[in-house]
Each structure stands twice: as structure tokens, then as C-alpha cells.
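Here's the letter readout for the chains.
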Amino acid sequence: ALTSKGNGPVGFDLLTEQFSKEIRKEGIQYNIMVVGRSGLGKSTFINTLFKDYDNDEGSEEVTPRPPQTTSIRSVAHVIEEKGVRVKLTITDTPGFADHVDNSECWEPIVEYICNQYESYLLEEIKPERKPYISDTRVHCLLYFVMPTGHCLKAVDVKALKRLSRFCNIIPLIAKADTLTRDELADFKKRINEDLRYHQIEIYPLYTKNEYSSEELEIIKAGIPYAVIGSDAYEEGKLIRKCSAGTAEIENPEHCDFVLLRDMLIRNEMLRLIKSTKVLFYESFRKNYL
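Residues numbered from 1 in each chain as written. Predicted model: local features only at pLDDT ≥ 70, side-chain atom pairs only at ≥ 80, totals over all residues. Heavy atoms only, no water.

A.B. asks: Could you clarify how one ought to interpret the side chain of Thr91 in this entry?
C.D. replies: Positionally, Thr91 belongs in strand S4 (residues 84-92). Residue Thr91 is classed as buried on the basis of its relative accessible area of 3%. A polar atom in the side chain of Thr91 sits 2.7 Å from the side chain of Ser74. Once residues within four sequence positions are removed from consideration, Thr91 is found in contact with Ile32, Met33, Val34, Ile72, Arg73, Ser74 and Tyr112. (Helix = DSSP H or I, 4+ residues; strand = E, 2+ residues; numbered from the N terminus. Buried < 20%, exposed > 50% of the residue type's maximum accessible area, 1.4 Å probe, protein only. Polar contact = N/O pair within 3.5 Å; in protein donor to acceptor, adjacent residues only side chain to side chain. Contact = heavy atoms within 4.5 Å.)

Right, dumping it as C-alpha cells:
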């Protein structure tokens, strides 16, 4: 290893500042997709998660052609916080698994994800490339599971197994306030058993040199994340009232909302973006070419 030999520091410690300046200058593109049956509160939860940025002046709807029976709708928001600009795109999938015949209801979503990879690839391999390629690749897919308290439904197993080949999957238990604490703990255990039994790979998919054992424990401890969505406040707290009482959305004792929010935004955003490129996009690129 090279040392400064008494001539003072080389300056490698300033690299983080350079990276910070680069991110501030170029910004970050972050794309989240939400999948689940109607009535599970997907839109309400997303509005809760990004409540400070919903319906802001910097938002725009980006709606691609709806494939088959599942319509796909994307809305982009430009968010800036402490000099860091993030273009956040939320893609919803109304109509998923809402039909009498739900066989292969996940294929329009797979098609959409692959179309984004293809669009990026076609721009990337042009002889004269743009200085900046718009990144619409799905970095994270939030899959909402019905709070049945039993096990994953057959359609969920098939959908998760298929979708996990193309993007980072994070399973969520919707409307967690409809289950008691014991029921929720048991349901989480059953879902994790189903995921292992059916060999469904969810985020994080690779561990070498990427995560410490403590980081892995924190991420895996919440899976599947039990979430509640609401836009109601009481005494300054985000709450949801139900027959059993009042659930505080940001109270870790009531649901995993804060744990998921920290994972998606504060702790794992760049890793989700990186794993999309390193694992899924590179695999698609190799097969395509």
C-alpha cells in the first residue's frame, strides 16, 4: 500500500466529497413499482410513504401503453432535499389478479420491466450516445400480499417466482392492522416458509462484500414488511383507526412502516439501483445480445 511518507495526506479521504458533488450535480433516478390486488391500499400506502411529495408541482404522469388486461400507470416526482435531487417514479399496476382467469396475470408486468431494460439497452449501444440516458428500469418492486393470516395464495407464489427473475422483490403484508400481533407474527413466519419452499429469491439477492451480517439481519428481520397506509392525523401523529383501536403508522410496535421507509430510502436506495444494474439488467443484456 502506498503511503504519503510524511508529506501529508494524499487526499483520498476527499473522494466521498467528490462523489457527493457528483450526485448533487447529476441527481438520482429511482423507480419503484407496486403490485397487488385491488383493495389492498397500495395507492394509500404510497401516498403515506411519500406524503410530502404527493401532487407537487414537479410531478408528471408517464403512462405507457397498457398491455393486455393489467393497466400500468407511472407518475414521476422530482424531489430535492439538502441539495440532492431525486427523480422518483412510482409505477402502479391496477387490475392485477382481479379477473376470473388470473393465469399469467403477471406477464404484462414482466413485459413492462423487460421493455424498460430494452429501451435502456438500445440507447446504450447506439454509436453516438446521449450524455445521459434516462433510466426507467424498475429498481424495486413492492409486492402486496393479502392479510389472510394463512399462507401465500397460488397466484402470489407463481407471480413472485416469475417476477423475482427480473427485478428486486420486497414483499409487504397489506393492511396489517386487520391482524393481531400474534396473527401477524405467525403470518410472517408462514410467508417466509413459503418463500423458502418455493425457492423464491427476494431482496437482498447477493451478499458477498456488500453487506455486513448486522445489515443483513436488519433487512431480513422485517421481511415481509407489515404496512398500514393512512392520511389521517391525530395530535400530530399519522394514524389509522380501526375496530380494535388506533394504529400509529410510524410506531414500530404497530407496523413496519418506519423500517421499510428507512430501508427503501435512507439505507438501501443506492444498493437497489446497483443490484438492478449488476444482476437483472446485465442478465437481460447478455440474453438480448
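A.B. asks: Would you explain the packing of aromatic side chains in this entry?
C.D. replies: Remark: the centre distance and the inter-plane angle together describe each pair of aromatic rings, the angle taken between the planes. For the structure shown, the criterion picks out seven aromatic pairs. On the basis of an interplanar angle of 85 degrees and a centroid distance of 5.9 Å, the ring pair of Phe45 and Phe257 is categorised as edge-to-face. Pair noted here: Phe45 is in helix H2 (residues 42-49) and Phe257 is in helix H7 (residues 257-267), with a separation of 212 residues, a long-range link. Look at Phe45 and you get buried, because its relative accessible area is 1%. Aromatic pair Tyr117 and Tyr281: ring centres 6.1 Å apart, planes at 50 degrees, arrangement tilted. (Phe/Tyr/Trp six-rings, centres within 6.5 Å; stacked < 30°, edge-to-face > 60°.)

A.B. asks: Which parts of the structure should I look at to understand helix H3 (residues 107-124)?
C.D. replies: Owing to its 3.6 residues per turn, the α-helix aligns residues three or four sequence positions apart on the same side. Counted at 1.5 Å a residue, the expected span for H3 with its 18 residues is 26 Å, and the 25 Å between its end C-alpha atoms agrees. Buried residues of H3: Pro108, Ile109, Val110, Tyr112, Ile113, Cys114, Gln116, Tyr117, Tyr120, Leu121 and Glu123, and no others. (Expected span 1.5 Å × (residues − 1).)

A.B. asks: Before we go on, may I ask you to explain the pairing of strand S5 (residues 140-145) in this structure?
C.D. replies: For a regular strand, the rule is simple: side chains alternate between the two faces of the sheet. In terms of residue burial, S5 counts as a mostly covered element, since six of its six residues are buried. Alternating residues of S5 divide into Cys140, Leu142 and Phe144 and Leu141, Tyr143 and Val145, and every residue in both groups is buried. Here S5 runs beside strand S6 (residues 169-173); their pairing, made up of five bridges, is parallel. Bridging across to S6, Leu142 finds its partner in Ile170. (Pairing = 2+ DSSP bridges.)

A.B. asks: Mind showing me how you'd approach the pattern of salt bridges here?
C.D. replies: Pairing is possible between side chains that carry opposite charge, provided their charged atoms lie close to one another. All told, the structure shown has 14 salt bridges when counted by the stated rule. Across the salt bridge formed by Lys126 and Glu123, the nearest N and O atoms sit 3.0 Å from each other. Relative accessible area serves as the criterion here: at 38%, Lys126 is assigned to the partly exposed category. Salt-bridge contacts for Asp135 lead to Arg137; the nearest nitrogen and oxygen are separated by 2.8 Å. An identical accessibility class is assigned to Asp135 and Arg137; each is buried. (Salt bridge = Lys/Arg side-chain N within 4 Å of Asp/Glu carboxyl O.)

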